[in-house]
Amino acid sequence: MRCPPASRPSDTVRRIQNRFNLNERFAAVTGMEYAIVAEDLTRTYKSFVPGSPVKAAVDGISLAVRRGEIYGILGPNGAGKTTTIKMLSTLLTPTSGLAEVLGLNVYDKKNIRTLRKRINVVSGGERGLYYRLSGRQNLEFFAELYGIPKKEQKTRIDELLSLVELTEAADIKVENYSRGMKQRIHIARSLINSPEILFLDEPTIGLDPEISQGIRSLIKKLSDGGTTIILTTHYMFEAEELCDNMIILSHGTIVGKGTVEDIKSTISGVSSMRIVTEKDPSDAAAVMICQKKLDVSTSRLLNEKYLTKIIMNNAEEEFAVIEESFRPYKIISIGVEEPTLEDAYLTLVSEG
Ligand SMILES: Nc1ncnc2c1ncn2[C@@H]1O[C@H](COP(=O)(O)OP(=O)(O)OP(=O)(O)O)[C@@H](O)[C@H]1O
Ligand SMILES: [Mg+2]
C-alpha cells in the first residue's frame, strides 16, 4: 500500500515554488504534485590526491520532480549524476542545500528509514544480488528484508517475475543468468517494496539493443503505473524516448533543464549539416574549424565515402561557404537537419 502524500506544501517546497515562480493555485497542490524538490544541493568530496582542496561533485543544483514523471539526469562521466542519485535516495548526506523526497527532509535521520521503505535504487554494475541463489530466492530474501507478509510474498514475487519476463528462469541460479536477465532481476528486486520513486542509474548500460528496448518498455510500464522514475543515462535516444523532463549536468552544475524540446530550443538557430563526399575532406574541415570556429567532425563510412557533420550557427550565411569549400571533394549528398538532443547536449556540455 502506498503512503498518503503530504497534504500541504512544506516550507522547503514553498521556498522552491517561489524560486520557480509557480502560481498560487498550483502551489496549493504542490505537496502532492512533487516527488522531489531540491535547492542548491551540494556535495563535496575530499580529493583523491592527498593535500588537494575538496572538490564539489555536485555544486548547487536545484530541481523539482513531479510525481509520476520520468526525470532524466544526463551528463558526461564524472558530471555528478550518481552523486545526485545517492543524495536523493538517502545513501549520501548532502554537504549543503535543501532536499525533500516525498515531502520528507533527507537530512533528518528519522526520515531515512521511512524513505527507504518508499523508494528504491538500481545502480549500474553487478552488485546487489546473491549469485548463488536463484532469481526467485533473491526476491524471497529481499521480500523478507522489507517485511512483506509471508502470505503476500508468493503472489508479489510471481507478479514481479512475470513483469520482468523471468518466470521460466525463476529457479535458475543468478550466476547463470545473461547480463540482460541479471538487469531484469535487479529491477524486479527494486520493485519488491512497490517504491513510489525508483532511481535507475544507467539501467541499460552494456545491454544489447533488443534487451535495452525491453528495459525501456518496462520503465514506461512502471511510469504508466504511477511510479516516479529518476533515470541517468548516456544514451540521448533513451532520454528522448523516456524522459518527461531532465537536467543536464556538467562538472556538478546544471547546464540545461526542461523537456526534450526545451533543451533543443537552447540551441535554436543552430542546425547541423551532413555532407557525404567521395574524397577525404579533412583539409576543408580543418579550415571550417580554425577560420569559421565551427564544430566539425568527419568519419569514414563503410562504403569508403566520407561523412562530415557540421554544427552551423547561422545556416543561411554559412551553407553556401561550406558547400563551396567541400565541392572539390566531390559531394555525393548534402543536407541540413534540425538540431537533435545530442547536438544540444554536446553544445551545452562543451560550454558548461
Ligand atoms: N567517494 C568519492 N571520493 C572522492 N571523489 C568522488 C567520490 N565519488 C565520486 N567522486 C567524484 O565526484 C565526481 C562526480 O562523480 P559521479 O560518480 O557522481 O559522476 P557520474 O556523473 O555518475 O559519472 P559516470 O557517468 O562516470 O557514472 C567525479 O569527479 C568523481 O571522481
Ligand atoms: Mg555514475
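Note that the coordinates shown come from a computational prediction; the quantities given were computed from them, not determined experimentally.

Caption draft 1: Fine view of the nonpolar core. Core analysis: the largest hydrophobic core is formed by 69 residues, its most contacted members being Ile230 and Ile248. Residues contacting isoleucine 248, with those up to four places away along its chain left out, are Leu74, Gly75, Ile254, Val255, Gly256, Ile263, Tyr345, Leu348 and Val349.

Caption draft 2: Layout of the sheet that holds strand E8 (residues 228-232). Spatially, E6-E7-E8-E3-E9-E10 is the arrangement adopted by the six strands of the open sheet, whose pairing is mixed. Each of the sheet's edge strands pairs with one partner strand only, and the pair in question is strand E6 (119-122) and strand E10 (253-258). The average undirected angle you get between the axes of adjacent strands in this sheet is 15 degrees.

Caption draft 3: Spatial organisation of the sheet that holds strand E11 (residues 271-277). Spatially, the four strands line up as an open sheet ordered E12-E13-E11-E14, and their pairing is antiparallel. At either margin of the open sheet sits one strand with a lone partner, and together these are strand E12 (295-300) and strand E14 (331-337). On average, each strand axis in the sheet is inclined to that of its neighbour by 15 degrees, with strand direction left out of account. Two elements, E11 and strand E13 (residues 306-312), share seven bridges in a ladder whose sense is antiparallel. Residue pairing across strands places serine 271 opposite methionine 312, the latter belonging to E13.

Caption draft 4: Geometry of the confidence of the model for the protein chain. Mean pLDDT over the protein chain: 88, with 90% of residues reaching 70 or higher. The low-confidence segment residues 1-7 (pLDDT under 50) makes eight contacts with residues lying over four places distant or belonging to another chain. Long-range and interchain partners of residues 20-30, a stretch whose pLDDT sits below 50, account for nine contacts in this model, where long-range means more than four residues apart.

Caption draft 5: Spotlight on the site of ligand 1. The immediate surroundings of ligand 1 are formed by Tyr45, Phe48, Ala57, Gly75, Asn77, Gly78, Ala79, Gly80, Lys81, Thr82 and Thr83. For the shell around ligand 1, the element with the most residues is helix H4 (residues 81-88), which contributes three residues. For the shell around ligand 1, the residue count by class is four nonpolar, six polar and one charged.

Caption draft 6: Highlighting the environment of leucine 207. Considering the arrangement of structural elements, one finds leucine 207 in the loop between strand E7 (197-201) and helix H9 (209-224). On the basis of neighbour counts, which here come to 18 C-beta atoms within 10 Å, the residue leucine 207 falls in the partly exposed class. With sequence-adjacent residues up to four places away left out, leucine 207 is seen in contact with Arg179, Gly180, Gln183, Ser212 and Ile215.

Here is what the cut-offs are and how they apply
- Residues numbered from 1 in each chain as written.
- Chains lettered and ligands numbered in written order.
- Predicted model: local features only at pLDDT ≥ 70, side-chain atom pairs only at ≥ 80, totals over all residues.
- Core = buried A, V, L, I, M, F, W, Y, C linked by C-beta atoms within 7 Å.
- Buried ≥ 20, exposed ≤ 12 C-beta atoms within 10 Å, placed from the backbone.
- Contact = placed C-beta atoms within 7 Å.
- Pairing = 2+ DSSP bridges.
- Helix = DSSP H or I, 4+ residues; strand = E, 2+ residues; numbered from the N terminus.
- Axes fitted to C-alpha atoms, helices over the stretch in contact; angles between N-to-C directions.
- pLDDT = per-residue confidence, 0-100.
- Near = placed C-beta within 6 Å.
- Nonpolar A, V, L, I, M, F, W, Y, C, P; charged D, E, K, R; others polar.

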